[in-house]
Amino acid sequence: MKRKKRFLLWAMLVILSFSIYGCSSQVKKQETTGVAMGTIVTQTVYVRESSKEDKTDITAQITNLLNDTEAQISWRLDTSDVSHINAAAGNAEGYELPENLSENFEVIWQVSKASGGAFDLTVAPVVRLWDIDTWVMKEAEELSAEIIPTKEQIKDKLSVTGYEDVAFADGKIYLPEGYMLDLGAAGKGMACDRIVELLESQEQGNAEVQGAVISLGGNILTYGSKPDGTAWKVGIVDPFRPDRYLGALTLSGTKFVTTSGDYERYVEIDGVRYHHIIDPSTGYPADSGVRSVTILSENGLIGDALSTACFVLGREKALELAKEYEVEILIVTQDGEIVMSEGMEKVFSLSK
Ligand code: FAD
Ligand code: MG
């Protein structure tokens, strides 16, 4: 009897260990680099695969999602919702917002308000006038003082901006005539939120995503955990030496790290730097005493909108706004000083 019991116990252990082995999933790393929304996208995704048949190419799904998001919100594509909104400016009928944009616009409008218009979803006419995105592709000799907009031109374009003039009612958006939207300062953050939704939905599918790091230019998303259990490390570019990292953030779980700076999309004309972040109160590239602002947040869209708002606001007001939104912030000032919120200090380490 005793021997029979011992045999049963042994048999059970064998079955148990076999089933653990059978269920144990292999973690595979999927990596890809591409281009979307005018920037380089790199994806590293760790996928648990329970069987060979479950090979879901998650990076291809993310690429499709980014392309779909761009097709919906790019103001450069005539068929996008944002282009339709712009075409309907001044139209009493307004434009019916698709469900997946409605909430996003509410958040964007709120950040416009909370930042006192430092972030302004309607600043596009002034952004187009400066046209920095086109200028950065030109050779230095093609750039001269003649292309810099005049004060009159800026004043003229500023007259068709103002987030307060945008109206929302019954799921529709209404823009006054001549107004225009540009989601350059928030679109990549929106896309990051959609990626997290996609990754979370995978948990119910066959291939589970254990962890991922996705980078869309200055927007970096960490998700889940690394197979080896170590923390995510996200580098922060030194705005004074963009080929180097100033330091790194040590993070766990799902986080959004968004940086806005004057060191990537800019041109120099007669020794003056003109960059792509416009101060809506002046119509000129923001000159608030900062070179870069990094926001660490639990939401991609908020992080993106706040990084731009805080860059325009400058040190003191930026710290206040970050506190109001309960996000962490790191500012590099024009003097090279690094200013951080308390929570940021805990996760930031300076490069040696
Ligand atoms: P952020 O600080 O996040 O944003 C700066 C951008 O926001 C500016 O470029 C301007 O568009 C806008 N902006 C400036 N000042 C303000 C302000 N005060 N308030 C609100 N908004 C402001 N680039 C290309 O070169 N080619 C493309 O085809 C292209 N397509 C894109 C499609 C989409 C959907 C998106 C989201 C971006 C695209 N871009 C493209 C990049 C875009 O033009 C911007 O350069 C980029 O989004 C800037 O992001 P950032 O993180 O550097 O700066
Ligand atoms: Mg931004």
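Look up: the structure comes first, before these words.
The numbers attached to residues start from 1 for each chain and follow its sequence in the written order. Chain labels run from A onward and ligand labels from 1 onward, assigned in the order the entries are written. Local features are withheld for residues below a pLDDT of 70 in this predicted model, meaning they are given only at 70 or higher, and side-chain atom pairs are given and counted only at 80 or more; totals for whole chains, interfaces and linings count all residues. The side-chain numbers reported here are obtained from all heavy atoms of the structure, hydrogens and water having been left aside.

Peer 1: What should I look at first to understand helix H8 (residues 187-202) in this one?
Peer 2: Since one α-helical turn is 3.6 residues long, residues separated by three or four positions face the same way. Compared with the 22 Å implied by 1.5 Å per residue over 16 residues, the 23 Å span of H8 between its first and last C-alpha is a close match. Most of H8 is tucked away, with 13 of its 16 residues classed as buried. Here a helix means four or more residues in a row that DSSP labels H or I, a strand means two or more in a row labelled E, and each is numbered from the N terminus. For a helix, the expected span equals 1.5 Å multiplied by the number of residues minus one. Think of it in three bands: with a 1.4 Å probe and only protein chains considered, a residue is buried below 20% of the maximum accessible area for its type, exposed above 50%, and partly exposed in between.

Peer 1: Looking at this model, I keep getting lost on the side chain of Asp 304. Mind explaining?
Peer 2: Position of Asp 304 among the secondary structure elements: in helix H9 (residues 300-313). Positive charge is attributed to Lys and Arg, negative charge to Asp and Glu, and no charge count is given to His or to the chain ends. A pair is scored as a salt bridge if a Lys or Arg side-chain nitrogen falls within 4 Å of a carboxyl oxygen belonging to Asp or Glu. In this structure, Asp 304 is buried with no salt-bridge partner, the nearest side chain bearing the opposite charge being Lys 188 at 5.9 Å. What qualifies as a polar contact is a pair of N or O atoms within 3.5 Å, subject to a donor-acceptor requirement within protein and to the restriction that residues adjacent in sequence count only when both atoms come from side chains. Of note is the side chain of Asp 304, whose polar atom sits 3.3 Å from the side chain of Asn 219. Leaving out residues up to four positions away in the same chain, Asp 304 has contacts with Ala 185, Ala 186, Gly 187, Lys 188, Gly 189, Asn 219 and Thr 258. Contact criterion: two residues are considered in contact whenever any of their non-hydrogen atoms come within 4.5 Å of each other.

Peer 1: How do you make sense of the packing of H8 against H9 when you look at a structure like this?
Peer 2: Relative orientation and spacing of two packed helices are given, respectively, by the angle between their axes and the distance between those axes. Their axes nearest at 7 Å, the elements H8 and H9 cross at an angle of 165 degrees. By the angle between their directions, the pair H8 and H9 is classed as roughly antiparallel. Handedness of the crossing formed by H8 with H9: right-handed. Counting all contacts with H8, which are made through Gly 187, Lys 188, Gly 189, Met 190 and Asp 193, the residues of H9 involved are Gly 300, Leu 301 and Asp 304. Note on residue classes: Ala, Val, Leu, Ile, Met, Phe, Trp, Tyr, Cys and Pro are nonpolar, Asp, Glu, Lys and Arg are charged, and everything else, Gly too, is polar. Class assignment of the residues belonging to the contact of H8 with H9 gives a composition of two nonpolar, three polar and three charged. Axis definition: a line fitted to C-alpha atoms, limited for helices to the stretch in contact. Angles are taken between N-to-C directions and run from 0 to 180 degrees. For classification purposes, angles smaller than 35 degrees are called roughly parallel, those larger than 145 roughly antiparallel, those between 65 and 115 roughly perpendicular, and all remaining angles oblique. In this scheme the handedness of a crossing depends on how the near helix is turned from the far one: anticlockwise by less than a right angle means left-handed, clockwise means right-handed.

Peer 1: Teacher, can you tell me more about the sheet that holds strand S9 (residues 241-251) here?
Peer 2: Within a sheet, each strand pairs with its neighbour through backbone hydrogen bonds, oriented either parallel or antiparallel. Ordered in space as S8-S9-S18, the three strands form an open sheet in which the pairing is antiparallel. The open sheet has two edge strands, strand S8 (232-238) and strand S18 (348-350), and neither has a second partner. Strand-to-strand twist of the sheet, defined as the mean angle between neighbouring strand axes without regard to direction, takes the value 35 degrees. Examined bridge by bridge, S9 and S18 share three bridges and lie antiparallel to one another. The residue of S18 that forms the bridge with Ala 248 is Ser 349. Between any two strands, pairing holds if DSSP finds at least two bridges.

Peer 1: Explain the site of ligand 1 here, please?
Peer 2: Around ligand 1 sit 27 residues, and of these Arg 76, Asp 133, Gly 184, Ser 260 and Thr 308 come closest. Within the side chain of Ser 260, one N or O atom sits 2.7 Å away from an oxygen atom of ligand 1. Contact distances for ligand 1 include 2.8 Å between a nitrogen atom and a backbone N or O atom of Ile 278. Here ligand 1 loses 92% of its free accessible area of 940 Å² to cover by the protein chains. Of all the secondary-structure elements, those providing two or more residues to the shell around ligand 1 are helix H2 (58-73), H8 and H9. The class makeup of the residues in the shell around ligand 1 is twelve nonpolar, seven polar and eight charged. One heavy atom suffices: a residue is near a molecule or strand as soon as one of its heavy atoms comes within 4 Å of it. Here the open area of atoms and residues is found with the Shrake-Rupley method and a 1.4 Å probe, where only the protein chains shown may cover a residue.

Peer 1: Looking at this model, I keep getting lost on the pattern of salt bridges. Mind explaining?
Peer 2: Charged atoms that come close allow side chains of opposite charge to pair. Counted under the stated rule, the structure contains ten salt bridges. We note a salt bridge from Arg 273 to Glu 268, for which the minimum N-O separation is 3.8 Å. Residue class for Arg 273 comes out partly exposed when judged on its relative accessible area of 28%. Residue Arg 315 pairs with Glu 316 through a salt bridge whose shortest N-O separation is 3.5 Å.

Peer 1: Can you walk me through the coordination of the magnesium ion (ligand 2) in this structure?
Peer 2: When a metal carries six donors in an octahedron, the ideal angles between them are 90 or 180 degrees, while four donors in a tetrahedron ideally lie at 109.5 degrees. Donor atoms (N, O, S) are those found within 2.8 Å of the metal centre, with the cutoff raised to 3.2 Å for Na, K and Ca; water is not part of the atom list, so apparent gaps in a site can occur. The protein atoms donating to the magnesium ion (ligand 2) are Ala 185 (O), Asp 304 (O), Asp 304 (OD) and Thr 308 (OG1), with metal-donor distances spanning 2.2 to 2.6 Å. When the donor residues of the magnesium ion (ligand 2) are listed from N- to C-terminus, their spacing reads A-x118-D-x3-T. One end of the pair, Ala 185, is in the loop between strand S5 (172-174) and H8; the other, Asp 304, is in helix H9, with 119 residues separating them in the sequence. The class of Ala 185 is partly exposed, set by a relative accessible area of 22%.

Peer 1: Before we go on, may I ask you to explain the environment of Ala 185 in this structure?
Peer 2: Through-space distance from the C-alpha of Ala 185 to that of Ser 260 is 8.8 Å; in sequence the pair is 75 residues apart. Ignoring sequence-local partners within four residues, the contact set of Ala 185 consists of Phe 119, Asp 304, Ala 305 and Thr 308.

Peer 1: Teacher, can you tell me more about the environment of Thr 134 here?
Peer 2: Residue placement: Thr 134 occurs in helix H6 (residues 132-135). Judged by its relative accessible area of 36%, Thr 134 falls in the partly exposed class. Each C-alpha atom, one on Thr 134 and one on Arg 265, is 9.7 Å from the other, the two residues being 131 residues apart in sequence.

Peer 1: Please explain the side chain of Ser 260 as it appears in this structure.
Peer 2: Mapped onto the elements, Ser 260 comes out in strand S10 (residues 255-261). Residue class for Ser 260 comes out buried when judged on its relative accessible area of 8%. Among the polar contacts made by the side chain of Ser 260, one reaches the side chain of Ser 307 at a distance of 2.8 Å. Sequence-distant contacts of Ser 260, that is, excluding residues within four places in its chain, are made with Ile 277, Arg 291, Ser 292, Val 293, Ser 307, Thr 308 and Phe 311.

Peer 1: When you look at the sheet that holds strand S7 (residues 219-224) in this model, what are you seeing that I'm missing?
Peer 2: Strands sit in the order S1-S2-S6-S7-S10-S15-S16-S17 across an open sheet of eight strands; the sheet is antiparallel. Of all strands in the sheet, those bounded by a partner on one side alone are strand S1 (26-36) and strand S17 (338-340). Pairwise comparison of adjacent strand axes, ignoring direction, gives a mean angle of 10 degrees for this sheet. Pairing analysis gives six bridges linking strand S15 (residues 290-297) to strand S16 (residues 328-333), with the strands arranged antiparallel. Bridging across to S16, Val 293 finds its partner in Ile 331. Contacting S1, strand S2 (39-49) and strand S6 (208-216), H2 runs over the sheet at an angle of about 140 degrees to S2. In the packing of helix H10 (residues 315-324) onto the sheet, the strands contacted are S15, S16 and S17, and the crossing angle to S16 comes to about 170 degrees.

These figures come from the coordinates and say nothing about function on their own.
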